[in-house]
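# Understanding the architecture of this molecule
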Amino acid sequence: ANLPKDRLRLAVQKSGRLHTDSMDLLKACGIKIKSPKEKLLLHADNFPLDLLFVRDDDIPQLVMDGVCDLGIVGQNVLEESALERGTANAYVSERVLDFGGCRLAIALPEERPYASVKDLAGLRIATSYPQLTKRYLAQQGVSADVVTLSGSVEIAPRLGLADVICDLVSSGSTLEANKLRAVETIFKSTAALIRNARPLNAEKAHALEIILRRLDGVQKAAG
Ligand code: PRP
Ligand code: ZN
Ligand code: MG
């Protein structure tokens, strides 16, 4: 990828659960970014950093392919992408962040009885996280059909597309609105700051060092 040699490029979620907290973190680190959102690429005024606004699901790949030096992304999305890439994995986790908390959970229609994970055998499970779901089922020794959907997973049981789902739960309101109940947590997650695995040049490494130092100060103060 054709990156500027002296400016770090950071991928941030364009809109969604992580967007505001990601922007607030940069602000708390003293990095000034004007008029976000309308443009997909923005330059910080007072720091050698450019922001690229994208879908969170694309962030692991953008970082691993070197299109961006850095990314702020949920560990759930990151782990799913890492499992999919297998040995082609190419990122370093620089910091676990203190926002974006959620869990990936198996959830069933409220009225469906459930005693243990064995009850999932032979069912169709709708999810946007097929890799994490399959890994969990394999670890539990349960064989079930994983149906991959990119969104609106919560509606799959009512549409007859699946019997149960495996999706992210944050506040729990989406499950409640769809009359589903979580029965197993398969992955716990917060946001993380990741970096492409190749070493940065001296200028970028120095800029990252400053960001990390400020970030540690901000997170320590908040936590
Ligand atoms: C997750 C998940 C649910 C929702 C749950 O989506 O897919 O739709 O959040 O949150 P709640 O428990 O607070 O209702 P996410 O924010 O990851 O967005 P995306 O699926 O569009 O990437
Ligand atoms: Zn997403
Ligand atoms: Mg969603």
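Residues numbered from 1 in each chain as written. Chains lettered and ligands numbered in written order. Predicted model: local features only at pLDDT ≥ 70, side-chain atom pairs only at ≥ 80, totals over all residues. Heavy atoms only, no water.

## A word on the packing of helix α3 (residues 75-85) against helix α4 (residues 130-140)
At a closest axis distance of 8 Å, the pairing of α3 and α4 adopts a crossing angle of 80 degrees. As the angle between them shows, α3 and α4 are arranged roughly perpendicular. Contact with α3, carried on its side by N76, E79, E80, L83 and E84, involves P130, Q131, L132 and R135 of α4 and no other residues of that element. Taken together, the residues that form the contact of α3 with α4 break down as 3 nonpolar, 2 polar and 4 charged. (Axes fitted to C-alpha atoms, helices over the stretch in contact; angles between N-to-C directions. Helix = DSSP H or I, 4+ residues; strand = E, 2+ residues; numbered from the N terminus. Parallel < 35°, antiparallel > 145°, perpendicular 65-115°, else oblique. Contact = heavy atoms within 4.5 Å. Nonpolar A, V, L, I, M, F, W, Y, C, P; charged D, E, K, R; others polar.)

## Describing the sheet that holds strand β3 (residues 49-54)
Taken together, the 6 strands give an open sheet; going across it, the order is β2-β3-β1-β4-β11-β5, and neighbouring strands pair in mixed fashion. In this open sheet, the two strands that pair with only one neighbour each are β2 (41-43) and β5 (91-96). Each strand of the sheet is rotated relative to its neighbour by a mean of 30 degrees, with strand direction disregarded. Note: strand β4 (residues 70-74) against strand β11 (residues 191-196), 5 bridges, orientation antiparallel. Within the sheet, the bridge partner assigned to G71 lies in β11 and is I194. (Pairing = 2+ DSSP bridges.)

## Structural notes on the pattern of salt bridges
All told, the structure shown has 9 salt bridges when counted by the stated rule. A salt bridge links R124 to D163; the shortest N-O distance between them is 3.3 Å. Placement of R124 in strand β7 (residues 124-127) and of D163 in the loop between α5 (156-159) and β9 (164-169) is noted, with a sequence separation of 39 residues between them. The partly exposed category is assigned to R124, whose relative accessible area is 30%. (Salt bridge = Lys/Arg side-chain N within 4 Å of Asp/Glu carboxyl O. Buried < 20%, exposed > 50% of the residue type's maximum accessible area, 1.4 Å probe, protein only.)

## Focus: the coordination of the zinc ion (ligand 2)
Distances from the zinc ion (ligand 2) to its protein donors, D56 (OD) and D57 (OD), fall at 2.2 to 2.4 Å. In this structure D56 comes out as buried when scored by relative accessible area, which is 17%. A relative accessible area of 38% means that D57 is categorised as partly exposed. (Donors = N, O, S within 2.8 Å, 3.2 Å for Na, K, Ca; no water.)

## Looking at the site of ligand 1
In the vicinity of ligand 1, the contacting residues are R17, D56, E154, D167, L168, V169, S170, S171, G172, S173 and T174. Interatomic distance of 2.9 Å between a side-chain N/O atom of E154 and an oxygen atom of ligand 1. Here S171 contributes a side-chain N or O atom positioned 2.6 Å from an oxygen atom of ligand 1. In the complex, 70% of the free accessible area of ligand 1, which totals 510 Å², lies under the protein chains. At the level of secondary structure, the elements contributing two or more residues to the shell around ligand 1 comprise β9 and α6 (173-177). Looking at the shell around ligand 1 element by element, the count peaks at 3 residues for β9. For the shell around ligand 1, a count of residues per class yields 2 nonpolar, 5 polar and 4 charged. (Near = heavy atom within 4 Å. Polar contact = N/O pair within 3.5 Å; in protein donor to acceptor, adjacent residues only side chain to side chain. Areas by Shrake-Rupley, 256 points an atom, 1.4 Å probe, with all protein chains shown as cover.)

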